[in-house]
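What follows is each chain in one-letter form.
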Amino acid sequence: MPTVSTETARVPEDLSGRQRRMPVGGITWRHTFRALRHRNYRLFFWGQLVSLIGTWMQQTAMMWFVYDRTNSKLLLGVVAAVGSAPMVFSSVWGGSLADLYPKRSILVLTQSAQMLCAFLLAAGVWLGFATPAFIMVVAAFNGTAMGFDMPARQAFTVEMTSREDLLNAISLNSSIVNGARVVGPSIAGLMIAAVGVAMCFFLNGLSFIAVIAGLLLMRLPPFKRKIEIVSAGEHAWEGIVYSMRHPRVRTILTLFLAVGIFGWSYAVLMPAFARDVFGRGANGYGVLMSASGTGAFVGALMVATYGHLFTPRKLALGGVWLFSAAMLAFSFTRSFSLALLFLFAAGFGMLLFFSTSNTLLQTIVPDEMRGRVMGVWSLVFGAMIPLGSLEAGAVAHWLGTALAIAFGAIICAVSALVTLCVIRRRQARTAS
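Residues numbered from 1 in each chain as written. Predicted model: local features only at pLDDT ≥ 70, side-chain atom pairs only at ≥ 80, totals over all residues. Heavy atoms only, no water.

Further remarks concern the overall build of the protein. A count of helical and extended segments in the protein gives 15 helices and two strands. Relative to its full complement of 432 residues, the protein shows a buried share of 57%. Only carbon and sulfur atoms are counted for the fraction: they give 68% of the accessible area of the protein, which is about 17,600 Å². (Helix = DSSP H or I, 4+ residues; strand = E, 2+ residues; numbered from the N terminus. Buried < 20%, exposed > 50% of the residue type's maximum accessible area, 1.4 Å probe, protein only. Areas by Shrake-Rupley, 256 points an atom, 1.4 Å probe, with all protein chains shown as cover.)

As a packed pair, helix α12 (residues 312-332) and helix α15 (residues 401-431) sit with axes 8 Å apart at the nearest point and diverge in direction by 160°. In terms of orientation, α12 and α15 fall into the roughly antiparallel class. Remark: the crossing between α12 and α15 carries left-handed chirality. (Axes fitted to C-alpha atoms, helices over the stretch in contact; angles between N-to-C directions. Parallel < 35°, antiparallel > 145°, perpendicular 65-115°, else oblique. Left-handed = near helix turned anticlockwise from the far one by under 90°.)

Here we take up the pattern of salt bridges. Summed over the entire model, instances satisfying the criterion amount to two salt bridges. Of the charged contacts, one joins Arg-153 and Asp-149 as a salt bridge, the two residues approaching to 2.7 Å between their closest N and O atoms. With a gap of four residues between them, Arg-153 and Asp-149 both fall in helix α5 (residues 132-160), about one helical turn apart. Notably, a salt bridge pairs Asp-276 with Arg-275, separated by 3.7 Å at the nearest N-O pair. (Salt bridge = Lys/Arg side-chain N within 4 Å of Asp/Glu carboxyl O.)

Glancing now at the environment of Ala-394. Its place among the elements puts Ala-394 in helix α14 (residues 367-399). Judged by relative accessible area, Ala-394 falls into the partly exposed class, the value being 28%.

So, about the confidence of the model for the protein. Taken over all residues, the pLDDT of the protein has a mean of 79, while the share at 70 or more is 87%. Mean pLDDT across the elements of the protein bottoms out in helix α1 (residues 13-16) (34) and peaks in helix α4 (residues 103-127) (92). Contacts of residues 1-27 to residues separated by more than four positions or lying in other chains number 59 contacts, the stretch itself having pLDDT below 50. (pLDDT = per-residue confidence, 0-100. Contact = heavy atoms within 4.5 Å.)

All right, on to helix α10 (residues 270-277) then. Within α10, the full set of buried residues consists of Met-270, Pro-271, Ala-272, Phe-273 and Ala-274. Of the residues flanking the end of α10, it is Gly-279, one or two places downstream, whose phi is positive at about 65°.

Right, let's talk about the packing of aromatic side chains for a bit. As enumerated under the stated definition, the model contains 14 aromatic pairs in all. Centroid distance Tyr-41 to Phe-45: 6.1 Å. Interplanar angle 50°. Geometry classified as tilted. Highlighted residues: Tyr-41 and Phe-45, both in helix α2 (residues 39-70), separated by four residues, approximately one helical turn. Phe-45 shares its class with Tyr-41; the two are buried. Ring plane angle 35° and centroid distance 6.4 Å describe the contact between Phe-256 and Phe-353, whose orientation is recorded as tilted. Pair noted here: Phe-256 is in helix α9 (residues 247-262) and Phe-353 is in helix α13 (residues 336-364), with a separation of 97 residues, a long-range link. Ring-pair connections join several aromatic residues into one group, and the members of that group are Tyr-41, Phe-44, Phe-45 and Trp-46. (Phe/Tyr/Trp six-rings, centres within 6.5 Å; stacked < 30°, edge-to-face > 60°.)

What follows covers α9. For α9, spanning 16 residues, the distance from its first C-alpha to its last is 23 Å, which sits close to the expected 22 Å at 1.5 Å a residue. Those residues of α9 that sit buried are Arg-248, Val-249, Thr-251, Ile-252, Leu-253, Leu-255, Phe-256, Ala-258, Val-259, Gly-260 and Ile-261. (Expected span 1.5 Å × (residues − 1).)

Taken together, the side chains of Leu-328, Phe-332, Ile-410, Val-414, Val-418 and Val-422 make up a nonpolar region of the molecular surface, amounting to roughly 510 Å² of accessible area. Only α12 and α15 provide two or more residues apiece to the nonpolar patch. Element by element, the count of residues in the nonpolar patch is highest for α15, at four residues. (Patch = residues over 30% accessible without salt bridge, like charges linked within 9 Å, V, L, I, M, F, W, Y side chains within 5 Å.)

Proteins that are soluble and globular tend to have nonpolar side chains buried together. Judged by nonpolar contacts, the single largest core of 109 residues is most densely connected at Tyr-41, Met-270, Met-327 and Phe-330. With residues near it in sequence (within four places) discarded, Phe-330 still touches Met-270, Phe-273, Phe-278, Ala-339, Phe-342, Leu-343 and Ile-405. One finds Ala-296, Val-303, Leu-315 and Leu-352 within the second-largest nonpolar core, a separate group that totals six residues. (Core = buried A, V, L, I, M, F, W, Y, C linked by side-chain atoms within 4.5 Å.)

For the rest of this paragraph, the subject is the side chain of Asn-142. Its place among the elements puts Asn-142 in helix α5. With residues up to four places along the chain from it excluded, the contact list for Asn-142 reads Gln-114 and Cys-117.

Shown next as structure tokens:
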């Protein structure tokens, strides 16, 4: 049986407002996992799946540990912010390095650093010196490593697969991230109750072995630097200037920042919702987190299979509006069952936006700029988490958890509407 490939078409990005290469062939559920035909991507896929389950276990355990020890919603936001803030400073340099050096080597180093952080957390809890201050220090170190890791990992995707399979590969990446969001918090909820949070941290450390082994087993061509630079600072700065001057890249990143600050931060408040609103313990918290992860997982598979049938604008903006409506409804419900349904829809909508925006960025920029643009993307990602965590924690502290969620949902919906107006105005100017 012949191998089925996806035919692609080239279109001028600045004129059409669409991806430079777009799938034009039919895609069915049989082709949902077609990126796995690439050996290097298979190694990455399975290694990442194991590692990400451990990562979500650690994230769930860390937030529960902090809230259980301090009873502070504000501190939940502070811990999340401290863990992500270093990404703002390291991601731009990480994007520059991803364009200059072998991405696999960068990833092996960053994954090893994150493994060390997990073992430090486990030791801190087991030996009794894991105070909130200690957790913040380790989280900050982990965030620095993530700042170098994210742009290299994002830009490495096309090297493990092909341009034709890029949309599928990014959607599958999203599926394992969100599949891990389903499994990881659930396991963490059970383990916290049974053996404590330290084991969650320890198992996360072990899980990095899988992704590091997968990276080392890949067969890659010799690395050849495509560009020469005057200085590292100038090289990194070029990526920022390009991202700000390119109208479509700028629009995507701006909406990404707004949705991240006021929307994605809902996860910070889930421990408070689980215990104070629904009267649930660690298991209930894990189930809440898994519900949104399940929705995102289903959304990722849908995008991987049928994403080419819709315009990126409809997928991205529709996803934001679905997320906003679901979170607004979630903020007012007091039924645990309805809360799970709303979180499922919210996860589905958020995935549509995140996956589509990531794919667009990687397909509209030239190869020699991809690492740096994804570095700016990682910078925005790193900025939105601490800003969003502080915003959510502060609003929840002063106005209550439910109003904090509702406020964020409304801001996300308005941001998507403003973005649509900007796009239409730009198209009208181009047409005239």
